[in-house]
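Secondary and tertiary structure notes
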Amino acid sequence: MHQDQYQEAIDVNTPPERLKLLVKESTELAEIVSKNPNSDSELLRELAINNHRVIRLGVVQNPNTPVDVLLSLAQEFPKDFLLNPVFPFLLLENPHLAKEMSVTLLLKLLEYKELPELFFSGAVEHQNSEVLHSIAKHPKTPLVALEVVATKTRFDYQLGQIIAERKDISLKVLENLAIHAAVGVRLYLAKRSYTPSSVLEKLIEYPEYSFNFRLEIEVAVAKNSNTPVYILHKLIADGHFKVKQAIAQRCNLQKELIVELATDYRVQLVKLLCENHQISTNVLQELCEHPHLRVRQFVAAHPNTPVKLLIEAAKIYELRIFVAENPSVPVNILHELASDSREDVQTAVINNPSTPGFILEKLALNPARDLAIAMHKNTPSELRPKILERLAGNSPFTVRTFVAKHPDTPAEILSQWAKSQQGLCFYIAQNPKAPVAVLEELAKDFLSDTRVCVGKNPNTPARVLEKLADDWEAEVRRAVASNPNTPAPILEKLVKDYQCTILVAENPNTSATALKHLEGLPGFEWYLVRHPNTPFDLREKLLASFSTSYIELDRLYVAKHPDTPTDILEILAKDKDSIVQKTAKQALKKRL
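So, here's what we can say about the structure. Small disclaimer: the values here were computed from a predicted structure and weren't measured.

As a further point, take the nonpolar core. The biggest cluster of nonpolar side chains holds 175 residues, and the ones touching the most others in it are Phe119 and Phe298. Per-element tally for this core: the top contributor is helix 18 (residues 211–223), with six residues. Setting aside chain neighbours within four positions, we find phenylalanine 119 in contact with Phe87, Leu91, Ala98, Met101, Leu106, Leu109 and Leu110.

Spelled out as structure tokens, the structure:
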């Protein structure tokens, strides 16, 4: 290549005809000509299909290359295509240029960080999900483009989630997601603690078609601390009970919302409000003279209501039952209310968890209240058996099942029922204080479910468990294997039953002999290393095995275990996992 030819090829003033001739001289000249901006489009089209890569590279860098040729070469040279000085002007001339590009080319271009804003305005018109995902992830995507992409997320949960999790998005983008996104994204926004109030408004303004999804979003918005008060009022007016329940449990619940919930037609909402212990005493004092009776009843029932207000409320006919339900009410007021002539007030006193035993004993004179008194935690121990005996008389079957399972039921009743009430045998077998003689008989019951309950019962004697360990029904044998009172010799027999092996391994009463049997079985290593009766040498062997595991949690367990040998701890102190390493070093330090 002559020097004068080189000068001609590089000179921007060389006529296009001469450049065509120079291309034919050599590959080197063709490479230079491909970059010359004075090369005409016809020549550049020819060079674009040249076999030499450097020549095609020169064409894609040439500002005079036709658009269609640039696009055809851009896939091979995406970075050089973007760096071509004509690229920004192409976007100005045709803002939809990116839309006309192939999906493959667009994905390649979107891998580069420095992209002009105009490029995104065309790219967002694509419907391809991969392209939209790449735009959503791109650090330089302008907010205007994200606003458009956010409207295309209805059937693409991942796309919406990518945008929602970005830290640099505008309020408008979030609002578009709240309107157009898939239900999962909308629910994510509803639950997020820092979601702006206007976005929460959009979630309610544009409800889901599915009732269940709509309800889930409304509940999340009702719980969100950023939700505006007027939206909460709207949810109370239109909402499902679960939505109102969520509002009733909010922190810092405004007084006007309390009033609206307390006056709701659903009586349960008053009880839900009473469960909100963050409603202050000051608010309750302000509401104690509210004109609406339901509000005053709520105040009388709330555990934060001052005692002086409860004393006054107990004098008012419409409020007495609510005072009787209040767990914070003083005993002297409960004692007074227990003498009320109204049955519903006396029942409320019985159902109050704070009612002491002597008041319950006073109210136990009426057999209609027996079940509630029998279930109360404060019922005196000498009274409960009498109540249960009364209930055993002519009560419905469901009440008798309660009596059959209750540990304070007199043994005579259980013995009699075991002989005469076949339907109650299953429940008697669950009673932890069932007489041994009764359990012996029930162990022979033809129903396997009853025998299973006997096998699990802590009061079942060893001789009965030994017989049940040979039962033909696997579930019965498994019940015996899970019983912590099963003697070790029986467990040594059951450990050989493949249907009981795991339960024997978990039983705290399993002997070292039975555990030795599990040593060779795969999958029992964790049961053995954690069991208190595992022989020391076997535990050390297992710890040594876990210390070389590729799972970090296994090695961490070894580092924490008090029986791990010092030499293993020294190895773990150099572990590649920093947490394992730190734990092992701390364990070694304690042993010094």
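Attention shifts here to helix 16 (residues 183–191). Taken as a whole, helix 16 has its buried residues at Val185, Arg186, Leu187, Leu189 and Ala190. If you follow the buried residues of helix 16, they end up packed against helix 14 (157–164), helix 15 (171–180), helix 17 (197–205) and helix 18.

Here the structure, examined in full by the defined rule, presents zero disulfides. With no disulfide of its own, cysteine 251 lies closest to cysteine 274 among cysteine sulfurs, the gap being 17 Å. By relative accessible area, which is 45% here, cysteine 251 ends up partly exposed. Free of any disulfide, cysteine 425 has its nearest cysteine sulfur in cysteine 453, 11 Å distant. You can call cysteine 425 buried: its relative accessible area is 1%.

Okay, a nonpolar patch on the surface next. Taken together, the side chains of Phe89, Leu92 and Leu118 present a nonpolar region at the surface, about 310 Å² in accessible area. Inspection of the secondary structure assignment puts leucine 92 in helix 8 (residues 87–93).

What follows is about helix 24 (residues 293–301). Most of helix 24 is tucked away, with seven of its nine residues classed as buried. Among the residues of helix 24, those classed as buried are Arg294, Val295, Gln297, Phe298, Val299, Ala300 and Ala301.

Time to look at the environment of valine 476. Position of valine 476 among the secondary structure elements: in helix 38 (residues 474–482). With sequence-adjacent residues up to four places away left out, valine 476 is seen in contact with Ser448, Arg451, Val452, Leu468 and Asp471.

The rules we used
- Residues numbered from 1 in each chain as written.
- Predicted model: local features only at pLDDT ≥ 70, side-chain atom pairs only at ≥ 80, totals over all residues.
- Heavy atoms only, no water.
- Core = buried A, V, L, I, M, F, W, Y, C linked by side-chain atoms within 4.5 Å.
- Buried < 20%, exposed > 50% of the residue type's maximum accessible area, 1.4 Å probe, protein only.
- Helix = DSSP H or I, 4+ residues; strand = E, 2+ residues; numbered from the N terminus.
- Contact = heavy atoms within 4.5 Å.
- Disulfide = S-S within 2.5 Å.
- Patch = residues over 30% accessible without salt bridge, like charges linked within 9 Å, V, L, I, M, F, W, Y side chains within 5 Å.
- Areas by Shrake-Rupley, 256 points an atom, 1.4 Å probe, with all protein chains shown as cover.
- Salt bridge = Lys/Arg side-chain N within 4 Å of Asp/Glu carboxyl O.

Scope: geometric values only; no functional claims are made or implied.
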